[in-house]
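# Structure assessment
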Amino acid sequence: MNKKKVLKIIGIIILVLVVIFFIYVIRNFTIIRKLQNKFSKYENNQNYHISSLTEAGDNASIKIDYYKKDSKQVMFTEREINGETLKMTMYDNGERIDMFVDDGKEKTCHLDIDTVMMPMDLVNYLETENTWQTFLGSIFARISKNEYNQKKCYVINNFKSPLFLNDENKNEVYLEKDTGLVVKATFGDEVIDRNYEFDNVDDEVFVEPNIGEYKLLTDN
């Protein structure tokens, strides 16, 4: 085989590889753009419930139930570390924030605390600042299909966005195909499960417990 034929074969192989890579990136970009558009239908919703469970190793977990309805929000948190459980609830009625804590030994409450309650937002894991960043993220992302909790999902690994911190070992998310919402995420050794409900938050969830059952704390 002469040199020209060898170079021609090498050129064809390179061209085929370039075409395959281009198709791969366009596929990723198309899927990501579709999921971004699906998520956009939910990002401004003001009536939702998120149930979240985060597990970090064998001895630590955090369970959160977060409810939002217009200007009101409440977050129920149950944290377990090495067998010890701490329950904390924060109520924000739009005018003040009250906090109730149960550490298993004592129940305490702090009314009208001087802080800002951070909402549990609906996370757009694929959020970027522009189309170019989305395209660049598509180059390195690995996308497959799977089911999780009977939901059809896209499994996305290694999507690089300047708006999110990435673990150097593992960054994997399950995004529900029909909504673009994260239902499972793995960052390093931390695993997060999430479920969602929309437009059915009942006002009763914002009713605070009987203060008489708690020790009242003050700033003085």
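Predicted model, so just to flag it, every value in this text is computed and none were measured. Starting afresh in each chain, residues are numbered from 1 along the sequence in its written order. This being a predicted model, a pLDDT of at least 70 is required before a residue's local features are given, and a value of 80 or more before pairs of side-chain atoms are given or counted; all residues contribute to the totals for chains, interfaces and linings. To get the side-chain values, take all heavy atoms of the structure and skip hydrogens and water.

### What about the sheet that holds strand β10 (residues 182-187)?
Pairing between the strands of a sheet comes from backbone hydrogen bonds, and it takes one of two forms, parallel or antiparallel. A pair of strands is considered paired only if DSSP assigns at least 2 bridges between the two. The numbering of helices and of strands both runs from the N terminus, where a helix is a DSSP run of H or I of at least 4 residues and a strand a run of E of at least 2. Strand order across the open sheet formed by twelve strands is β7-β8-β9-β10-β11-β1-β2-β3-β4-β5-β6-β12, with mixed pairing between neighbours. At either end of the open sheet lies a strand with only one pairing partner, and these are β7 (142-148) and β12 (215-217). Strand after strand, the sheet turns through a mean of 15° between neighbouring axes, direction not considered. In the sheet, strand β8 (residues 151-157) pairs with strand β9 (residues 171-176) via five bridges, with the strands oriented antiparallel. Bridge pairing in β9 links Asn 157 to Glu 172. For helices, the fitted axis covers only the stretch in contact; all axes are lines through C-alpha atoms, and the angles between them, taken along N-to-C directions, range from 0 to 180 degrees.

### Details of the pattern of salt bridges
By definition, a salt bridge exists where a carboxyl oxygen of Asp or Glu is found within 4 Å of a side-chain nitrogen of Lys or Arg. Under the definition given, this model contains four salt bridges. Here the salt bridges do not stand alone but share partners, grouping Lys 69, Lys 72 and Asp 203 into one network.

### Focus on the pairing of β10
For β10, the buried fraction is high: five of the six residues fall into the buried class. Two strands pair when backbone bridges link them, and β9 and β10 are joined in this way by five bridges, in the antiparallel orientation. Looking at the pairing, Leu 175 lines up with Val 182 of β10. The antiparallel pairing of β9 with β10 creates a hairpin that spans five residues between the two strands, and Gly 180 there sits at a positive phi of about 80°. Inspection of the sheet shows β10 paired to strand β11 (residues 190-198) by four bridges, in the antiparallel sense. Counted as the bridge partner of Thr 186 is Val 191 from β11. Linking β10 to β11, which pair antiparallel, is a turn of two residues; within it Gly 188 sits at a positive phi near 65°. The buried label goes to any residue with under 20% of its type's maximum accessible area, the exposed label to any with over 50%, and the partly exposed label to all in between, with areas taken from a 1.4 Å probe on protein chains only.

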